[in-house]
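# Structural overview for review
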There are 2 protein chains.
Amino acid sequence: MTKYIYSFEEGGKEMKSLLGGKGANLAEMTKIGLPVPPGFTITTEVCAYFTKNNKYPEGLWDDVLAHMKELEKKTGKKFGDSENPLLVSVRSGAPISMPGMMDTILNLGLNDVSVKGLEKQTGDERFAYDSYRRLIQMFGNVVMGVPHEKFEEIISEQKKKRGVKEDTELTAADWREVIEKYKELIKKETGREFPQDPYEQLRMSVDAVFKSWNNERAIVYRKANKIPDDLGTAVNIQTMVFGNMGPDSGTGVAFTRNPATGEKEYFGEFLFNAQGEDVVAGIRTPKSISDLKKEIPKVYEQLENVFKTLEKHYRNMQDMEFTVEKGKLYMLQTRTGKRTAAAAVKIAVDMVNEGLITKEEAILRVNPNDLNQLLHRRLDPNAKKDVLVKGLGASPGAASGKVVFDADETVSLSESGEKVILVRNETTPEDIHGMIASQGILTVHGGMTSHAAVVARGMGKPCVAGCEDIEIHGDFFEVKGVRVEKGEEITIDGSTGEVIKGIVPTVEPTLSGEFKTLLTWADEIRDLGVRANADNPKDAVKAVELGAEGIGLCRTEHMFFDPERLPTVQKMIMSKTSEERKKYLDLLLPMQREDFVGIFKAMGSRPVIIRLIDPPLHEFLPKREDLMVKLALLKEHGNENEIKEVQELLDRVNELHEANPMLGLRGCRLGIIYPEIIEMQTRAIMEAAVEVKNEGVDVKPEIMIPLVGHVNELRIAREIVDRVAKSVLEENGADIHYMIGTMIEIPRAALTSEEIAKHAEFYSFGTNDLTQMTFGYSRDDAESKFLAQYIDKKILKDNPFAVLDRDGVGKLMKMAVSDGKKSNPKLELGICGEHGGNPSSIEFCHIIGLNYVSCSPYRVPIARLAAAQAKLKNKN
Amino acid sequence: MTKYIYSFEEGGKEMKSLLGGKGANLAEMTKIGLPVPPGFTITTEVCAYFTKNNKYPEGLWDDVLAHMKELEKKTGKKFGDSENPLLVSVRSGAPISMPGMMDTILNLGLNDVSVKGLEKQTGDERFAYDSYRRLIQMFGNVVMGVPHEKFEEIISEQKKKRGVKEDTELTAADWREVIEKYKELIKKETGREFPQDPYEQLRMSVDAVFKSWNNERAIVYRKANKIPDDLGTAVNIQTMVFGNMGPDSGTGVAFTRNPATGEKEYFGEFLFNAQGEDVVAGIRTPKSISDLKKEIPKVYEQLENVFKTLEKHYRNMQDMEFTVEKGKLYMLQTRTGKRTAAAAVKIAVDMVNEGLITKEEAILRVNPNDLNQLLHRRLDPNAKKDVLVKGLGASPGAASGKVVFDADETVSLSESGEKVILVRNETTPEDIHGMIASQGILTVHGGMTSHAAVVARGMGKPCVAGCEDIEIHGDFFEVKGVRVEKGEEITIDGSTGEVIKGIVPTVEPTLSGEFKTLLTWADEIRDLGVRANADNPKDAVKAVELGAEGIGLCRTEHMFFDPERLPTVQKMIMSKTSEERKKYLDLLLPMQREDFVGIFKAMGSRPVIIRLIDPPLHEFLPKREDLMVKLALLKEHGNENEIKEVQELLDRVNELHEANPMLGLRGCRLGIIYPEIIEMQTRAIMEAAVEVKNEGVDVKPEIMIPLVGHVNELRIAREIVDRVAKSVLEENGADIHYMIGTMIEIPRAALTSEEIAKHAEFYSFGTNDLTQMTFGYSRDDAESKFLAQYIDKKILKDNPFAVLDRDGVGKLMKMAVSDGKKSNPKLELGICGEHGGNPSSIEFCHIIGLNYVSCSPYRVPIARLAAAQAKLKNKN
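Residues numbered from 1 in each chain as written. Chains lettered and ligands numbered in written order. Predicted model: local features only at pLDDT ≥ 70, side-chain atom pairs only at ≥ 80, totals over all residues. Heavy atoms only, no water.

## What about the overall build of chain A?
What counts is decided by this rule: What counts as a helix is a DSSP run of H or I of at least four residues, what counts as a strand is a run of E of at least two, and both are numbered from the N terminus. Burial classification: accessible surface area is computed with a 1.4 Å probe over protein chains only, and a residue below 20% of its type maximum counts as buried, one above 50% as exposed, and the rest as partly exposed. Only heavy atoms matter for contacts: two residues are in contact if any of them lie within 4.5 Å across the pair. Computed by Shrake-Rupley with a 1.4 Å probe, the accessible areas treat only the displayed protein chains as cover when residues are assessed. For the purpose of counting charges, residues Lys and Arg are taken to be positive, whereas Asp and Glu are taken to be negative. His and the chain ends are not included. Every charge is mapped onto a representative atom, which is NZ of Lys, CZ of Arg, CG of Asp or CD of Glu.
Looking only at helices and strands, chain A has 34 helices and 33 strands in total. Considering only C-alpha atoms, chain A reaches an extent of 105 × 65 × 55 Å along its principal axes. Across the 876 residues that make up chain A, the buried fraction comes to 59%. Restricting to contacts in chain A with at least 6 residues of sequence separation, those with at least 24 account for 68%. About 34800 Å² of surface is accessible on chain A, with carbon and sulfur atoms providing 48% of the total. Positive and negative side-chain charges in chain A, numbering 117 and 134 respectively, have mean positions lying 4 Å apart.

Here's what the structure looks like:
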């Protein structure tokens with residue numbers, strides 16, 4: 001027969017999924033001899049059974065009664081007794097902590113008879129009746145559903161009647177009156193009496209706790225925290241102890257280390273002569289735990305020992321609840337303490353140094369994503385904020401500045417020394433210069449993988465995206481009735497997504513010694529290399545500083561959007577012949593070369609993967625619809641020349657127009673149709689390599705051909721690149737080892753990897769595009785159109801553009817890796833999509849045997865840590 | 001040692017790839033005892049060697065000399081002899097016939113000395129010198145590169161000088177003068193003498209033939225006919241015979257059956273006293289072969305026997321060349337005769353009836369694609385045509401009508417009895433009513449799989465697409481300097497892609513009894529079922545008539561584009577709440593139901609797969625850019641109400657706007673976001689099924705959920721469909737078996753097929769979308785932007801939207817089939833993409849074990865035949 005109940009002596013900390021976190025740890029503390037009031041736990045399996053069948057498994061209740069008898073034996077008290085009554089608490093306790101989400105009932109076992117027993121035992125009539133009314137109030141509310149306020153009203157009336165202000169001024173007699181009124185209230189509201197039978201109280205309470213697993217706030221909390229709905233909660237039934245039995249009693253919470261800073265110091269709060277609820281209610285100001293040392297040194301000493309024992313036993317910082325009843329310490333809870341990212345790093349490293357845990361354990365203790373907090377400016381946590389609206393925290397960090405709606409204006413204002421927040425419906429590559437000049441970016445549309453978000457993360461610049469409540473009207477925006485003019489100051493928090501009126505002070509990030517130590521340990525352990533995506537020398541320098549071992553993706557087209565170059569780029573695109581095109585490409589050559597020189601210098605002997613031009617050409621031209629409007633208006637009252645000029649531009653834009661540009665003439669297709677473009681780019685790369693090599697740097701250029709779907713595309717593009725590269729080396733009498741590889745971002749490339757690998761020295765998985773095409777989701781559209789709803793409805797567990805989809809996209813990647821290695825065992829494998837900075841995706845990259853991940857510079861530390869974790873989690 | 005030369009006695013018809021078609025068949029005829037002038041063949045391997053190394057394999061020439069000696073022995077003549085000279089021809093002969101593409105030299109072996117021998121042997125001085133001058137002329141041109149016209153000039157001068165008009169009036173003396181002038185010409189033009197050494201003549205000729213494999217016209221021909229460049233040609237060296245040695249001599253070509261009609265009758269042409277070149281030159285009008293019967297009955301009888309022998313031996317209709325030299329018949333060539341589609345069908349069926357071939361062979365004899373010719377009206381082959389331009393033959397058939405540029409106008413004109421050709425830059429779903437009303441469609445942009453092409457093929461309506469030379473300007477179009485006004489008549493030929501000025505008469509298609517017989521045989525053999533894609537009752541009737549066994553794809557959205565319904569559809573889309581949307585859906589319900597009633601009635605007890613709504617909603621609204629222009633102009637001088645109305649429409653269009661609609665909110669995503677749409681559609685389908693079932697028809701509805709990429713999408717959509725279907729059946733007390741399945745058109749669906757198959761009763765591969773996403777090609781853009789160039793550059797062998805890509809898309813399909821069968825062995829498998837009507841793709845569907853293919857009604861016969869061929873070709 002299944003065992004549904006465990007007394008605290010039977011359980012242990014490894015039984016969390018059966019006993020819940022609270023139950024397992026109470027059992028563990030009991031086992032190691034800490035002072036825990038006796039009790040037992042009904043398992044989560046009962047919750048599952050109860051939820052499904054709306055009744056308990058057969059025999060369960062008899063088992064509960066048997067355990068209650070045992071409690072009576074252990075305590076020498078009797079449940080509901082008029083002389084020496086046993087009182088218990090009933091508390092929920094899920095495998096994953098859901099603080100405050102489910103129900104608790106205290107003081108069970110009190111009734112009109114046993115309250116007298118309590119009075120006798122404590123010699124404190126007021127205490128006994130106060131405890132009883134607390135039970136009725138809590139039970140009436142939680143179990144029987146009577147609104148909390150109605151109980152409070154009765155107390156208020158009593159105080160009014162008695163002319164007092166505080167609860168503490170009410171006497172035993174008052175509480176007795178209150179108790180009668182409470183009972184009437186319950187009768188009136190529910191049609192039922194408050195149950196005098198303590199076992200009926202107990203049964204109804206256990207029912208209520210199990211039911212609370214599916215109350216609305218618990219469901220919402222689980223959804224927000226991605227906790228599975230089928231875990232269920234356990235129920236803990238435990239002997240009551242009382243912190244409110246006089247000056248040598250009290251209750252407290254404590255951490256074995258400082259959860260904010262990680263400092264090795266006891267940290268906690270204590271309330272003398274109080275129960276746990278009083279701490280939570282926040283009516284009285286608690287004292288620091290160190291006060292306990294002065295007031296009840298014996299207890300403090302005992303507590304210190306418990307702290308040491310628990311930390312050593314759990315080998316982690318603990319967060320505990322305890323009660324002191326007449327000078328006797330009772331432990332009511334222990335769990336691994338939540339901590340800030342900074343504290344997590346410090347504690348992990350300190351514990352290694354203290355010999356408490358291994359380096360491997362330290363690495364596994366820190367959530368890589370939390371490192372984000374440490375890498376960016378953030379709002380001063382103590383500052384006041386007037387939050388206008390909350391969007392998506394799309395690129396972490398906080399920034400303030402004047403609202404501007406136009407990229408050019410952002411540039412000119414910032415040049416005159418102003419700080420600017422660029423506010424756009426959405427950004428396009430044409431806004432790049434404005435984004436660079438801004439302090440941060442705020443967009444109305446778009447999600448976590450929109451253009452604004454991706455570019456901002458790449459730049460390490462704060463971005464809030466998808467603020468759909470904002471409406472931009474020319475020179476101001478409106479949000480929830482508030483009007484914000486151009487030039488007004490706002491603050492954005494790219495971690496939380498908050499948009500705040502005015503300027504909020506921010507604090508600098510500081511990278512502690514422990515932070516660096518932890519990453520050094522991660523570097524020793526991980527197999528995966530970590531490179532950065534960087535498009536310019538500034539980002540490259542930052543990447544190296546943060547530990548990047550190379551550049552995994554240098555996008556060359558961002559260089560084309562530079563406002564100084566764009567007119568030349570546009571003329572190149574408008575060219576009617578290959579010759580004309582070459583003329584403009586020749587003008588671009590020295591500029592591109594300069595970009596690469598800077599990057600090569602920054603990267604030294606680290607490999608640099610440069611991707612040839614990728615986006616469709618029309619992205620460099622004005623928008624078709626804007627030109628159409630312009631032309632229509634010009635025809636009303638423009639001159640012939642203007643009309644002709646716009647018409648010509650529109651004609652070319654129409655020629656280049658595509659219904660689905662993401663699936664159109666871009667990537668290597670461009671280089672095959674217009675070879676002169678990639679000839680120029682290859683020349684720029686190799687000439688830059690020669691120049692830097694001549695300065696004594698052992699440059700390692702790697703040229704990447706994007707969007708290959710058929711081996712012949714790679715073959716042809718590769719021939720062009722190889723020819724130009726060789727001829728540049730020959731012209732310069734130089735000898736530089738360069739590599740040529742391809743992105744794997746088209747499903748067909750993954751499917752035919754065995755062929756493609758024959759012509760590639762390296763692969764870089766472009767998982768953004770690969771996800772787009774494998775799912776048939778347009779990254780630009782899906783998030784705002786249906787993806788959010790899909791995640792809401794649990795059709796998808798995660799946004800596949802953020803967390804790599806292992807079943808679909810991952811299956812293609814696995815095929816590509818194993819088929820590619822078949823025909824080219826020396827193939828180098830990496831990833832440069834957004835997923836390269838996502839810990840779950842990094843783990844997958846480790847599992848399938850990639851050589852490195854590449855991500856934006858600011859995610860490099862995260863990737864270093866995640867890569868080490870991946871190795872540790874998949875040791876077998 | 002490799003054998004490089006085969007005498008005719010050594011080869012045989014199975015050695016085509018080594019000896020070329022001509023050589024293999026000359027050997028075969030020799031082997032079976034037919035009169036073939038002796039000779040030998042240098043293999044295609046020599047060509048490959050020669051092309052690569054620019055020289056012959058060692059020992060080759062000695063071997064040629066040895067074979068020449070043998071020829072001398074066989075004929076009793078001597079090469080270059082002054083008494084009894086041996087003359088030979090040197091002819092190319094590739095494994096696949098390339099008529100006229102490579103070089104031939106006749107009369108080799110003549111020189112100043114041997115010409116006298118020929119004179120002695122024939123007693124005909126004029127013949128001897130005429131033969132000699134023919135050699136010099138042909139050799140001078142083909143081998144030594146002197147332009148043909150320069151030789152003709154010399155003859156013209158000679159005729160002028162002698163005052164005669166015809167070549168035949170020139171005497172032996174004249175030819176001797178001409179010969180001297182020819183020699184001077186060659187010397188002058190090339191600096192070299194015409195070689196007197198017959199072996200030098202021979203060697204230079206063989207060189208020239210091998211080199212001609214890579215002349216420009218041969219390369220172009222191979223590209224056009226998809227013949228691999230590495231096949232190479234063989235060279236045949238054969239004893240000359242002469243059809244120009246008097247009235248009992250002559251030369252002819254013949255077919256064993258009529259190649260135009262397939263009638264069992266000898267068919268051919270004969271020229272008395274002439275050489276092969278004279279027939280080709282077309283100077284004299286040849287006589288019918290039956291004249292030979294009257295003039296030289298003995299030879300005709302002999303010829304008749306040869307015809308019978310060859311047809312029986314080759315078991316196929318033969319196309320032959322022969323020469324009669326002084327009453328003696330010589331066979332110079334035989335090969336399988338080319339034939340029209342009608343003849344192919346008739347000959348195949350007749351031969352089965354004659355016991356010559358099996359039904360299986362008959363089925364393999366007809367190219368399924370050629371059946372197209374038989375199924376559509378075509379231009380009268382004898383009519384004159386003034387071709388304006390040639391586009392892509394996108395949907396076969398021919399049609400004439402007045403040029404109209406607008407869909408609405410097409411409808412109104414056609415309603416007043418006019419025939420109209422709809423001319424558009426490209427068509428969109430909004431043009432459907434115009435396409436239906438038109439005789440045919442002509443588009444400027446778009447390829448074989450553009451909207452216009454796909455829809456037109458579905459309707460069986462002629463379409464010429466991708467006429468990029470046409471420029472539409474409002475009320476007229478211009479093409480290559482010709483202006484065609486609206487209302488002018490044009491004719492389009494959707495098979496050849498021709499656009500013709502004026503009306504060209506057309507002829508009706510007739511389906512012969514043999515056609516039906518052949519398809520009946522195909523039906524007996526094939527495993528694959530054949531269904532049709534049909535969206536309305538008319539197409540469904542046609543499909544059944546052409547042999548469809550069900551509907552594999554009924555698209556429901558085309559019904560939404562009906563001009564009567566579109567306003568309601570638009571209101572539905574503009575709705576702000578689910579309730580409002582339902583109101584308009586309720587109005588659409590009876591219309592959709594009616595559509596389905598008609599289709600169910602047409603299909604009887606055959607299965608009908610109906611796909612729920614697929615395209616993005618914005619396709620039903622006006623275009624965003626048009627609205628933007630309209631609004632901008634209205635703001636100049638419109639009234640407030642108009643502006644407001646357009647602004648509202650534009651706002652909704654903006655909301656629905658997507659950067660890449662193909663990857664956006666469409667397919668099942670729509671049904672999940674707006675369940676009320678597919679609820680209405682399911683209700684319409686099931687109510688129609690009930691209605692038709694009540695009339696005694698055993699309806700078989702199958703509901704298909706499009707664009708599934710994750711099993712949860714299918715699960716949720718399926719629940720909605722199932723719920724509504726069951727409730728309709730319950731409301732009506734009806735019991736109808738219906739199936740629910742999904743399209744497999746997203747790569748991820750194929751990759752996760754094992755999961756998806758658990759929730760699907762059938763799969764239909766949507767290979768259009770699957771190809772788009774697997775390649776990352778937008779069907780609307782790729783063809784005009786880069787696909788044509790890709791095929792030109794041989795990056796891709798075929799357009800993957802026309803011929804299924806087995807390596808990539810096919811790999812996904814194979815995975816989907818085998819993984820799907822794992823979890824659902826009863827899964828029904830079909831295909832409804834454009835590939836369902838393409839023979840190569842049908843073969844692949846057979847190989848991977850699909851249950852059926854579905855294609856447009858007019859391709860059903862093609863699919864039936866192709867399915868049988870697939871079975872036969874893959875028997876092992």
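We are not done yet, so read on.
## What to know about the sheet that holds strand β20 (residues 470–473) of chain A
Either a parallel or an antiparallel arrangement is found when strands of a sheet pair, and the pairing is made through backbone hydrogen bonds. All names here are of chain A. Rules: At least two DSSP bridges between two strands are needed for those strands to be called paired. Here, axes are lines fitted to C-alpha atoms. For helices the fit covers the stretch in contact, and angles between N-to-C directions go from 0 to 180 degrees.
Across the sheet, which stays open at both edges, the three strands sit in the order β20-β21-β22 with antiparallel pairing between neighbours. Looking at the sheet topology across the chains shown, the edges are occupied by β20 and β22 (482–485). For this sheet, the mean angle separating the axes of adjacent strands, direction not counted, is 25°. Bridge count between strand β21 (residues 476–479) and β22: four bridges; the pairing is antiparallel. Its bridge partner being in β22, Phe 477 is matched across the sheet by Val 484.

## Looking at the relation of the copies chain A and chain B
Superposition of the two copies of the chain requires a rotation about an axis and a shift along the axis. Convention followed: Copy-to-copy superposition: least squares on the C-alpha atoms, limited to residues that have pLDDT of at least 70 in both copies.
Rotating chain A by 180° and translating it 0.1 Å along the rotation axis places it on chain B, where the RMSD comes to 0.1 Å. Such a combination of rotation and displacement between the chain copies is what one expects of a two-fold axis. Comparing contact sets, 100% of the residues at the interface of chain A also lie at the interface in chain B, consistent with an isologous, same-surface contact.

## A short note on the environment of Ser 92 of chain B
Residue and element names in this part refer to chain B. Its location among the elements puts Ser 92 in strand β5 (residues 88–93). Given the relative accessible area of 11%, Ser 92 is considered buried. Each residue touching Ser 92, except ones within four places of it in the same chain, is listed here: Lys 22, Met 102, Asp 103, Val 209, Thr 233, Ala 234 and Asn 236.

## Comments concerning the packing of helix α19 (residues 513–525) of chain A against helix α34 (residues 860–873) of chain A
All names here are of chain A. Applied cut-off: Here is the rule for angles: anything less than 35 degrees is roughly parallel, anything more than 145 is roughly antiparallel, 65 through 115 is roughly perpendicular, and the remaining ranges are oblique. Crossings are classed by handedness, with left-handed meaning an anticlockwise turn of the near helix from the far one by less than a right angle and right-handed meaning a clockwise turn.
Viewed as axis vectors pointing N to C, α19 and α34 meet at an angle of 45°, and their least axial separation amounts to 8 Å. Put simply, α19 runs oblique to α34. The chirality of how α19 crosses α34 is left-handed. Residue-level inspection shows Phe 515, Leu 518, Leu 519, Thr 520, Ala 522, Asp 523 and Ile 525 of α19 in contact with α34, the latter providing Pro 861, Arg 864, Leu 865, Ala 868, Lys 871 and Leu 872.

## Description of unusual backbone geometry
Residues and elements named next belong to chain B. A positive phi angle, near 50°, is found at Asn 273, a position not held by glycine. Examined against the element boundaries, Asn 273 turns out to sit in the loop between β9 (267–272) and α10 (276–281). On the basis of relative accessibility, which here comes to 34%, the residue Asn 273 falls in the partly exposed class.

## What about helix α22 (residues 578–603) of chain A?
All names here are of chain A. For clarity, the cut-off: Residue count minus one, scaled by 1.5 Å, sets the expected span of a helix. Here the bend at a residue is taken as the angle between two axes, fitted respectively to the seven residues that end there and the seven that start there.
Along its 26 residues, α22 runs 35 Å from first to last C-alpha, staying within 8% of the 38 Å computed at 1.5 Å per residue. Largest kink in α22: about 35°, centred on Leu 588, with the proline Pro 590 one to four residues after it. Remark: Gly 604 follows α22 within two positions and exhibits a positive phi of approximately 55°.

## Focus: the interface of chain A and chain B
Stated precisely, the cut-off is as follows: The quantity reported as buried area is the accessible area (1.4 Å probe) lost by two parts once they are put together, taken as the sum for both. Whenever a carboxyl oxygen of Asp or Glu lies within 4 Å of a side-chain nitrogen of Lys or Arg, that contact is scored as a salt bridge.
Taken residue by residue, the interface counts 56 residues in chain A and 56 residues in chain B. Here chain A packs against chain B, burying approximately 4900 Å² in sum over the two surfaces, 61% of which is carbon and sulfur. If you sort the residues of chain A by the area they bury against chain B, Leu 663, Arg 748 and Lys 785 of chain A come out on top, with a joint share of 13%. Our count for the chain A to chain B interface comes out at six salt bridges.

## Here we look at the sheet that holds strand β23 (residues 489–493) of chain B
Residues and elements named next belong to chain B. As summarised here, the arrangement of the eight strands in space is β14-β24-β23-β16-β17-β18-β19-β15, forming an open sheet in which the pairing is mixed. Two strands lie at the open edges of the sheet, namely β14 (386–390) and β15 (392–395), each paired on one side alone. Strand-to-strand twist in this sheet, taken as the mean axis angle between neighbours without regard to direction, amounts to 35°. Taken together, the two bridges between strand β18 (residues 440–443) and strand β19 (residues 463–465) define a ladder with parallel strand orientation. Bridge assignment links Leu 442 to a residue of β19, and that residue is Val 464. This element, helix α16 (residues 407–415), spans β16 (398–404) and β17 (420–424) of the sheet and lies at about 175° to β17. Running at roughly 45° to β15, helix α18 (residues 451–459) makes contact with β15, β18 and β19 of the sheet.

## Describing the packing of aromatic side chains
Where we set the bar: Each Phe, Tyr or Trp ring, with Trp reduced to its six-membered ring, pairs with another whose centre is within 6.5 Å; inter-plane angles below 30 degrees give stacked pairs, above 60 give edge-to-face pairs, and intermediate values give tilted ones. For a ring to carry a charge above it, either NZ of a lysine or CZ of an arginine must fall within 6 Å of the ring centroid while also lying within 35 degrees of the normal to the ring plane.
Here the structure, examined in full by the defined rule, presents 38 aromatic pairs over all chains. One cation-aromatic arrangement involves Lys 3 of chain B over Tyr 6 of chain B; the distance from NZ or CZ to the ring centre is 4.8 Å.

## Here we look at the environment of Thr 168 of chain B
Along the polypeptide, Thr 168 of chain B turns up in the loop between α6 (148–162) and α7 (172–190). Taking C-alpha positions, Thr 168 of chain B is 87 Å from Asp 722 of chain B, a pair spaced 554 residues apart along the chain.

## Observations regarding the state of the cysteines
All names here are of chain A. The criterion, for reference: Throughout, a disulfide means two cysteine sulfur atoms within 2.5 Å of one another.
One pass over the full model with this rule turns up zero disulfides over all chains. The structure places no disulfide on Cys 855, whose sulfur is separated from the nearest cysteine sulfur, that of Cys 845, by 11 Å. Residue classification places Cys 855 among the buried residues on the basis of a relative accessible area of 3%.

## Notes on the side chain of Glu 311 of chain B
Residues and elements named next belong to chain B. Note the threshold: Polar contact is defined as a pair of N or O atoms within 3.5 Å, subject to the rule that within protein one atom must be able to donate a hydrogen and the other to accept it, and that residues adjacent in sequence are counted only when both atoms are side-chain atoms.
Structurally, Glu 311 can be placed in helix α12 (residues 297–314). Polar side-chain contacts of Glu 311 include one of 2.7 Å to the side chain of Arg 257. Beyond its immediate sequence surroundings of up to four residues, Glu 311 is in contact with Thr 256, Arg 257, Lys 264, Asn 316, Met 317, Gln 318, Met 351 and Leu 356.

## Considerations on the pattern of salt bridges
Note on pairing: side chains with opposite charge can pair once their charged atoms come close. Taken as a whole and assessed by the stated rule, the structure comprises 145 salt bridges over all chains. For the salt bridge of Arg 257 of chain A with Glu 311 of chain A, the shortest nitrogen-to-oxygen distance reads 2.7 Å. Within this pair, whereas Arg 257 of chain A is found in the loop between β8 (250–255) and β9 (267–272), its partner Glu 311 of chain A is found in helix α12 (residues 297–314), the two being separated by 54 residues in sequence. In this pair, the class of Arg 257 of chain A matches that of Glu 311 of chain A, namely buried. When the shortest N-O distance is used, the salt bridge between Glu 549 of chain B and Arg 526 of chain B registers 2.9 Å.

## Examining the side chain of Thr 44 of chain B
Inspection of the secondary structure puts Thr 44 of chain B in helix α2 (residues 44–53). Residues in contact with Thr 44 of chain B, not counting those within four places in the same chain, are Ser 17, Leu 18, Gly 20, Pro 95, Leu 231, Gly 232, Thr 233 and Ala 234 of chain B.

## Details of the pairing of β9 of chain B
All names here are of chain B. Here strand β8 (residues 250–255) runs beside β9; their pairing, made up of six bridges, is antiparallel. Counted as the bridge partner of Gly 252 is Phe 270 from β9. Here β9 runs beside strand β10 (residues 287–288); their pairing, made up of two bridges, is antiparallel. Within β10, the position partnered with Phe 270 by the bridge is Lys 287.

## Remarks on helix α7 (residues 172–190) of chain A
Residue and element names in this part refer to chain A. A rise of 1.5 Å per residue sets the reference length of α7, with its 19 residues, at 27 Å; its end C-alpha atoms lie 27 Å apart and thus fit the reference within 8%. Of all the positions in α7, only Ala 172, Asp 174, Trp 175, Val 178, Ile 179, Tyr 182, Lys 183, Leu 185 and Ile 186 are classed as buried. Against the buried residues of α7 lie α5 (125–142) and α6 (148–162). The first or second residue beyond α7 is Gly 191, which carries a positive phi of 75°.

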